[in-house]
Amino acid sequence: MAPLRAGLRWKKPKPLVVREAIAGYFFILPTLLSFLVFFLIPTISGLGMSFFDWDFFSEPEYVGLDNFLELADDKLFITTLKNTALFAISATALNVGLGMFIAIGINSIKWRWLKAFLRTAYFIPFVISTVVVALLFGFLLQESTGVVNYYLTRLGFDKVPWLSSSLWAFRSIVLIDVWKHVGFFTLIFLAGLQAIPRELYEAALVDGAGRLVRLRRITIPLLTPSLFFSLVIALIGAFQVFESMFVLTNGGPGDATRTVVMLLYREAFGSFNMGYAASMAVVLFLVILALTITQVRLGDRWVFYR
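If you're wondering where the values come from, they're calculated on a predicted model, not measured in any experiment.

Attention now moves to the overall build of the chain. When helices and strands are tallied, the chain shows 13 helices and two strands. For a compact globule of 306 residues, the expected C-alpha radius of gyration is about 19 Å, and the chain comes in at 26 Å, more than 25% above that figure. The principal-axis extents of the C-alpha atoms in the chain amount to approximately 95 × 75 × 35 Å. A total of 306 residues make up the chain; the buried ones form 34% of that total. When contacts within the chain are restricted to residue pairs at least 6 apart in sequence, those whose partners lie at least 24 apart make up 67%. Surface summary for the chain: the accessible area is close to 19400 Å², and the carbon and sulfur share equals 69%. Here the chain carries 26 positive and 19 negative side-chain charges, and the mean point of each set is 20 Å from the other.

Okay, structure coming up:
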């Protein structure tokens, strides 16, 4: 029993190990504080606020689930939820699909300087502020004085109500989002393509596999981890769209381009209905969480990890 007791005795950590642990915590402290201040505390506060009726100035009044019950009967909220879902599906499909297509095309180019130029050209829009992009396209897509309609009329076409028609406004904002974000997903897929061993393609060539067979049997299966990551990130970001629609259309015409975040912003900082806005944020969070969990669960069936 003596050796066993001796083995169970607590050993004082060595000074070097303690110093290394303190140094490690010191280095992660800024990130940890940012996570606590800008994410965890606001998330918990928003969840708690959703159970209160609060106008930001008076004392909060506990109302239980009344805010959520009111949301279920709010036709405008249902409309914005549908708009957000439609935008998320459209933008995600185009961003990820075009990103993969462009990446495969760039990766097949033999000249390094051209590859570098195209990577930079596609990625530059991603680093530009969304507000700046919205203002730029707002100028280009003006129905009467816009540059795009000017050249369309010179070519013999009618002017297109890019931002003043319910149908065209929604399409325009989706295309603007694709213009800004497709370069990011292109780089993600390019990184995935460069990680595929060249020996697999060489062996396929020896076996007589054509380009389409190599694409279907090698490239796409080995790109599924990049595809999975892109789908998750794109869908989460698309459900939180705000700046482009706020600057370009402010939710119009009517409510054709109004999203959940825009309605949340109006309720919180326009009507000072903080509790009701917090309940919208909770519902949006739960929707995104459910979709993300579903993607992760389904990803185990089709994502191929080497």
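A few words on the pattern of salt bridges. What the rule picks out here adds up to one salt bridge. Arginine 258 is paired through a salt bridge with aspartate 255; the nearest N and O atoms lie 2.8 Å apart.

What follows covers the nonpolar core. Membership of the largest hydrophobic core comes to 35 residues, with the highest contact counts inside it found for Phe87 and Met280. Dropping the residues within four chain positions of it, phenylalanine 87 is found in contact with Thr92, Phe170, Ile173, Val174, Asp177, Ala238, Val241 and Met245. Of all hydrophobic cores here, the second largest spans 22 residues; its members include Ala103, Leu118, Val178 and Leu223.

So, about the packing of aromatic side chains. Scanning the entire structure with this criterion turns up 20 aromatic pairs. Taken together, the ring pairs connect Trp54, Phe56, Phe57 and Phe272 into an aromatic cluster. The cationic tip of arginine 171 hangs over the ring face of tryptophan 168; the distance from NZ or CZ to the ring centre is 5.2 Å.

This part covers a nonpolar patch on the surface. A grouping of Leu29, Leu32, Leu33, Phe35, Leu36, Val37, Phe38, Phe39, Leu40, Ile41 and Ile44 is seen on the molecular surface, where their side chains present a nonpolar patch of about 1000 Å² in accessible area. Checked against the element boundaries, leucine 32 lands in helix α2 (residues 15-49). In this structure leucine 32 comes out as partly exposed when scored by relative accessible area, which is 42%.

Let us now look at the environment of aspartate 55. Along the chain, the position of aspartate 55 falls in the loop between β1 (52-53) and β2 (61-62). A sequence separation of 70 residues divides aspartate 55 from proline 125, and the C-alpha atoms of the two residues are 39 Å apart. When residues no more than four places from it in sequence are discounted, the contact partners of aspartate 55 are Phe272 and Met274. A distance of 3.1 Å separates a polar atom in the side chain of aspartate 55 from the backbone nitrogen of phenylalanine 57.

Viewed as axis vectors pointing N to C, helix α12 (residues 260-269) and helix α13 (residues 274-302) meet at an angle of 160 degrees, and their least axial separation amounts to 8 Å. Of the possible angle classes, the one that applies to α12 and α13 is roughly antiparallel. The interaxial crossing formed by α12 with α13 has left-handed handedness. When α12 is examined against α13, the residues Val260, Val261, Leu263, Leu264, Glu267 and Ala268 are found in contact with a partner set consisting of Met274, Tyr276, Ala277, Met280, Ala281 and Leu284.

As a further point, take a negative patch on the surface. There is a patch of like negative charges on the surface, built from Asp53, Asp55, Glu61, Asp66, Glu70 and Asp73. Its place among the elements puts aspartate 73 in the loop between α3 (66-72) and α4 (75-107). Since its relative accessible area comes to 66%, aspartate 73 is described here as exposed.

This part covers the packing of helix α8 (residues 166-194) against helix α10 (residues 211-239). Contact geometry of α8 with α10 gives a least axis separation of 9 Å together with a crossing angle of 150 degrees. The pairing of α8 with α10 is recorded here as roughly antiparallel in orientation. Judged by the sense of rotation from one axis to the other, the crossing of α8 with α10 is right-handed. When α8 is examined against α10, the residues Phe184, Phe185, Ile188, Phe189, Gly192 and Leu193 are found in contact with a partner set consisting of Thr219, Leu223, Ser226, Leu227, Phe229, Ser230, Ile233 and Ala234. Per-class residue counts for the contact of α8 with α10 are 10 nonpolar, four polar and no charged.

Turning our eyes to something else, we now look at the confidence of the model for the chain. Scored by pLDDT, the chain has a mean of 89; 95% of the residues are at 70 or more. The spread of mean pLDDT over the elements of the chain runs between helix α1 (residues 2-8), the lowest at 51, and α4, the highest at 95.

Our next topic: unusual backbone geometry. Note: most peptide bonds trans; most residues except glycine with negative phi. The peptide bond linking glycine 252 to proline 253 adopts the cis configuration, its omega dihedral lying at -10 degrees. Position of proline 253 relative to the elements: it lies in the loop between α11 (243-248) and α12. One non-glycine residue with positive phi stands out, namely asparagine 250, at about 55 degrees. Here asparagine 250 shows up in the loop between α11 and α12. You can call asparagine 250 partly exposed: its relative accessible area is 43%.

So, how was this worked out
- Residues numbered from 1 in each chain as written.
- Predicted model: local features only at pLDDT ≥ 70, side-chain atom pairs only at ≥ 80, totals over all residues.
- Heavy atoms only, no water.
- Helix = DSSP H or I, 4+ residues; strand = E, 2+ residues; numbered from the N terminus.
- Rg over C-alpha atoms; globule rule 2.2 N^0.38 Å.
- Buried < 20%, exposed > 50% of the residue type's maximum accessible area, 1.4 Å probe, protein only.
- Contact = heavy atoms within 4.5 Å.
- Areas by Shrake-Rupley, 256 points an atom, 1.4 Å probe, with all protein chains shown as cover.
- Lys, Arg positive; Asp, Glu negative; His and termini not counted.
- Charge placed at Lys NZ, Arg CZ, Asp CG, Glu CD.
- Salt bridge = Lys/Arg side-chain N within 4 Å of Asp/Glu carboxyl O.
- Core = buried A, V, L, I, M, F, W, Y, C linked by side-chain atoms within 4.5 Å.
- Phe/Tyr/Trp six-rings, centres within 6.5 Å; stacked < 30°, edge-to-face > 60°.
- Lys NZ or Arg CZ within 6 Å of the ring centre and 35° of its normal.
- Patch = residues over 30% accessible without salt bridge, like charges linked within 9 Å, V, L, I, M, F, W, Y side chains within 5 Å.
- Polar contact = N/O pair within 3.5 Å; in protein donor to acceptor, adjacent residues only side chain to side chain.
- Axes fitted to C-alpha atoms, helices over the stretch in contact; angles between N-to-C directions.
- Parallel < 35°, antiparallel > 145°, perpendicular 65-115°, else oblique.
- Left-handed = near helix turned anticlockwise from the far one by under 90°.
- Nonpolar A, V, L, I, M, F, W, Y, C, P; charged D, E, K, R; others polar.
- pLDDT = per-residue confidence, 0-100.

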